[in-house]
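Chain and residue survey
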2 protein chains.
Amino acid sequence: MRLVILGGVAAGTKAASRARRLDPEMEITVYQEEPEPSISECGLPYLLSGVVEERDRLVARTPAKFAEKGVEVLVRHRVESIDATGKKLSVVDLRTGEAFEDAYDRLVIATGARAVLPPVPGAELDGVFKLRFLTDSDEIGRYIDERSPRKATIVGGGYIGLEVAENLCRLGMEVSLIEGEDRVALAYGPEVSEKVEAELEANGVGIYTGEKVDEFTGEGRVGGVKFGGEELETDLVIVGVGIKPNVELAAEAGVKIGATGTILVDRHMKTSLPDVWAAGDCAETTNLVSGRPAWVPLGDTANQMGRVAGTNAAKGEEILEFPGVLGTGIFKVFDLDVGKTGLSEAEAEDAGFEVVSAGLETYDRAAYYPGAQKAFLKLIADRETGRLLGAEAAGSGADKLTDVCATALWGGLSYPDLINLDLAYAPPYGPALSPVIQAATILSGKFQHAREGVRASE
Amino acid sequence: MRLVILGGVAAGTKAASRARRLDPEMEITVYQEEPEPSISECGLPYLLSGVVEERDRLVARTPAKFAEKGVEVLVRHRVESIDATGKKLSVVDLRTGEAFEDAYDRLVIATGARAVLPPVPGAELDGVFKLRFLTDSDEIGRYIDERSPRKATIVGGGYIGLEVAENLCRLGMEVSLIEGEDRVALAYGPEVSEKVEAELEANGVGIYTGEKVDEFTGEGRVGGVKFGGEELETDLVIVGVGIKPNVELAAEAGVKIGATGTILVDRHMKTSLPDVWAAGDCAETTNLVSGRPAWVPLGDTANQMGRVAGTNAAKGEEILEFPGVLGTGIFKVFDLDVGKTGLSEAEAEDAGFEVVSAGLETYDRAAYYPGAQKAFLKLIADRETGRLLGAEAAGSGADKLTDVCATALWGGLSYPDLINLDLAYAPPYGPALSPVIQAATILSGKFQHAREGVRASE
């Protein structure tokens, strides 16, 4: 039995490890274009600044380590086509240019996603980078070493852009951030965006929202960026907008593509083709709150999907399920922690919910306990049922608040549950009543008003 | 309509505030023996050491502040008896000795609990203290100022004893801790107790487990403590064992007492008597995991119970419910965070469950992210259903892990839910897969083995 896995980052390597554990006899080969497998891509912004000092720490396992476990990892190999009927693959060894055929009994597609540069003049200039792979950060690192850029421009105010902004500031650069929409952190509500922008400003980052890049200027090397009639001098550009799922190979082989443009899979991570599974940033899933198809290219989700795909592919059975995601995410920007789970108010309305929300500013520990820092939490609930739909947190302990709310979403809890929830209290860890309980209590007041409103209009 | 509340700490003041908000007309009087209401008792260990610098920070609201809201708070008053038929109270003003009668339409009993000294010779000596009220910490503070004790002995290795041990060490004292059972933190499994003991030892605390105090020695003032044939020199003793619910007043009035020796209430915090509710450390509740009656004298729970009792008492209706607790708790001892929710392995077995558990040692952030610290997590599940029964965490981020597991318990989640749970990941906040997910994955392996075991034996 031969299992072939396309892609060797989070989903692919997890699938390989699971399959190996479940079936010690199976032949397992992983193909990957990038020179190193098993990269912690989420750590790349921190490698740029030296917060993570050693590059090797971001390589979880080398091909040699995989070989010890009986998993063949072939890096610098590109799979050019899949013959799903004949269960064959055309492969090119990128180091030699040599093409060859391979065959599989079972196939896991974990081809991930790629970052794209905006289609504007000058995007090809030296000094304009994206940050997706370790090879990207190697290139940026070399450029910084050689050119000592003083002014940097980030394009895109999402997770990656914000993390990179912080890390370039750590290197002493003067950083500007350009965002096409009217605020950064667009996946969040406006309260959180405001806090993120205030944190950026407090750390000297220039923010240009509602601006689209028209052109990168320079001769060979980038020297400026034009937008909205302005031109900003810049020595380095990092683009953090636009990632695309790598689905072309699968689509050409006849794998069905879902509504989000990623590979359609069932709850067992099975694609539309026999003996072909998919996992990770190239695969579609379901947002369990909205019930809608979702594309969530995140490392932890890829890992979880890889586990399910690898298990089912190893056994050729429907053993494990991956039911979907909540849309949970988190990022750090300077000293601000920002997390989210479920739907934002706008996303909930878009998904057809009538929304009741409550936000509050409180502390991460008892107000009298030294070092107490502010924490913001917003809960979003369904007016009809009272069920939690989403939560956003910003400030100290946002990771805890986000995870508690994510777990509450998974359990289908409503605001009365959250009010009585038995969370852990001692003065170093929170206010006597958790911000989650406090916010749910405010929410309950709004539900009473909402119900009275209904009664009054009846 | 006159509402009387007996007790002015967490449950009593919360009930008063809620009632006032819901009914601006109602007369509300709170009686309390201690001189100050609305004390954050959980902060007392930190006041001892000066970690909390200002005593006033622990008084959430003065009687004058309550008066502004139209709530009469009468401190230094003891209610001596309740006439439930006539709805009358006998009260003594402890400042003047004057006795008088009061009447109520509705009554909330929130008389709390008291700390007790062990019934051994010398317990009455000067320098032997308990720590429950602000008046206790005032006394201890005065004693420390006057006597400058160098050697302190803590009796009891539970939350209070451990917190006090840390705070006396901060004052430069040589601290010994005596625990009657064979390990400290007995509500937890042995893995956590070991970590707590190691943390105590690393900070120079002498630990004497499996030892019961025979006698406190000294002439007028404590000078030693005898146990197991030894005598330890000591200048100060703080006893953190033995608290008793203040239920005598209620019991004499005919209020039914539950299996735990605390006031029996229904889900609406209603007692067995008409128009009498109870809340806080004197009231019984249900452990939602075991389904058994539980007594959980904790500040946050008291607060939540007070909200329900106050609301229902204000309206005289069954408006809110307090379904019960999970047994969640947390404490800090030096640099170790220790939290728990649900049942420990021993408690689960005692409650009739066949248990499967999995523990793991991991990190509080990506291993490559600077400052990564160890975190231990143990999950306890029901072999029959796979449902989570409890969790224990020790180390950095134990508060987050505990709260996530508490929320999972509330939602009735099983280990397969926990494996796929969509928690927040970025390198500063955890490993790519949360310790909860990792532990649940280990658990799943044990369930497979358990099932295979069953098959093999069939």
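Residues numbered from 1 in each chain as written. Chains lettered and ligands numbered in written order. Predicted model: local features only at pLDDT ≥ 70, side-chain atom pairs only at ≥ 80, totals over all residues. Heavy atoms only, no water.

In this section: the pattern of salt bridges. This model, assessed by the stated rule, comprises 48 salt bridges over all chains. In this structure, the salt-bridge partner of Glu36(B) is Arg55(B), at a minimum N-O distance of 2.8 Å. Of this pair, Glu36(B) sits in the loop between β2 (27–31) and α2 (44–49) while Arg55(B) sits in the loop between α2 and α3 (63–68), placing them 19 residues apart in sequence. The class for Arg55(B) is partly exposed, based on a relative accessible area of 26%. Between Asp281(B) and Arg132(B) there is a salt bridge, with its nearest N and O atoms 2.6 Å apart. Pair noted here: Asp281(B) is in the loop between β18 (276–278) and β19 (285–286) and Arg132(B) is in the loop between β9 (128–130) and α4 (134–147), with a separation of 149 residues, a long-range link. For Asp281(B), a relative accessible area of 10% translates into the label buried. For Arg132(B), a relative accessible area of 14% puts it in the buried group. What you see here is one network of salt bridges that share partners, running through Arg2(A), Glu27(A) and Asp102(A). (Salt bridge = Lys/Arg side-chain N within 4 Å of Asp/Glu carboxyl O. Helix = DSSP H or I, 4+ residues; strand = E, 2+ residues; numbered from the N terminus. Buried < 20%, exposed > 50% of the residue type's maximum accessible area, 1.4 Å probe, protein only.)

Let's shift gears to the interface of chain B and chain A. Taken together, the contact pairs 62 residues of chain B with 62 residues of chain A. Between chain B and chain A lies a buried interface of about 5,400 Å² when both sides are counted; carbon and sulfur atoms form 60% of it. When the buried area of chain B at its contact with chain A is split by residue, Tyr368(B), Asp422(B) and Tyr429(B) rank highest and sum to 15% of it. At the surface where chain B touches chain A, the tally comes to 4 salt bridges. (Contact = heavy atoms within 4.5 Å. Buried area = accessible area lost by both parts, 1.4 Å probe.)

So, about unusual backbone geometry. Glycine aside, negative phi is the norm for most residues, and most peptide bonds take the trans geometry. Residue and element names in this part refer to chain A. For Ser38, which is not a glycine, the phi torsion comes out positive at approximately 60°. Take Ser38: it is sitting in the loop between β2 (27–31) and α2 (44–49). Its identity as a non-glycine residue notwithstanding, Phe334 has a phi of 55°, on the positive side. Secondary-structure assignment places Phe334 in the loop between β21 (329–333) and β22 (336–342). Residue classification places Phe334 among the buried residues on the basis of a relative accessible area of 9%.

For the pair chain B and chain A, the superposition axis carries a translation of 0.0 Å, the fit reaches an RMSD of 0.0 Å, and the rotation angle comes to 180°. Here the copies are linked by what is in effect a two-fold axis. Both copies present the same face, since 100% of the interface residues in chain B are matched by interface residues at the equivalent positions in chain A. (Least-squares fit on C-alpha atoms with pLDDT ≥ 70 in both.)

This part covers a negative patch on the surface. Residues and elements named next belong to chain A. Side chains of Asp126, Glu139, Asp145 and Glu146 sit close together on the surface and give a patch of like negative charge. Along the polypeptide, Glu146 turns up in helix α4 (residues 134–147). Classification of Glu146 as exposed rests on a relative accessible area of 57%. (Patch = residues over 30% accessible without salt bridge, like charges linked within 9 Å, V, L, I, M, F, W, Y side chains within 5 Å. Areas by Shrake-Rupley, 256 points an atom, 1.4 Å probe, with all protein chains shown as cover. Lys, Arg positive; Asp, Glu negative; His and termini not counted. Charge placed at Lys NZ, Arg CZ, Asp CG, Glu CD.)

Aromatic ring pairs are reported here in terms of the distance separating the ring centres and the angle at which the planes meet. Considering all chains together, one arrives at 14 aromatic pairs over all chains under this definition. Taking the centre distance of 5.3 Å and the plane angle of 70° together, the rings of Phe129(A) and Tyr143(A) count as edge-to-face. Here the residue Phe129(A) occupies a position in strand β9 (residues 128–130), and Tyr143(A) occupies one in helix α4, the gap between them amounting to 14 residues. With respect to class, Phe129(A) is no different from Tyr143(A); both count as buried. Where Tyr415(B) meets Phe447(B), the ring centres are 4.3 Å apart and the plane angle is 20°; that geometry is what we call stacked. Remark: Phe447(B) occurs in helix α12 (residues 435–457) and Tyr415(B) occurs in helix α11 (residues 415–420); sequence separation between them is 32 residues. Here the aromatic residues Tyr159(A), Tyr188(A) and Phe331(A) are joined through ring pairs into a cluster of three or more. A cation over a ring is seen here: Arg61(B) above Phe66(B), with NZ or CZ 4.9 Å from the ring centre. (Phe/Tyr/Trp six-rings, centres within 6.5 Å; stacked < 30°, edge-to-face > 60°. Lys NZ or Arg CZ within 6 Å of the ring centre and 35° of its normal.)

Without other data, these values stay purely geometric and don't point to any function.
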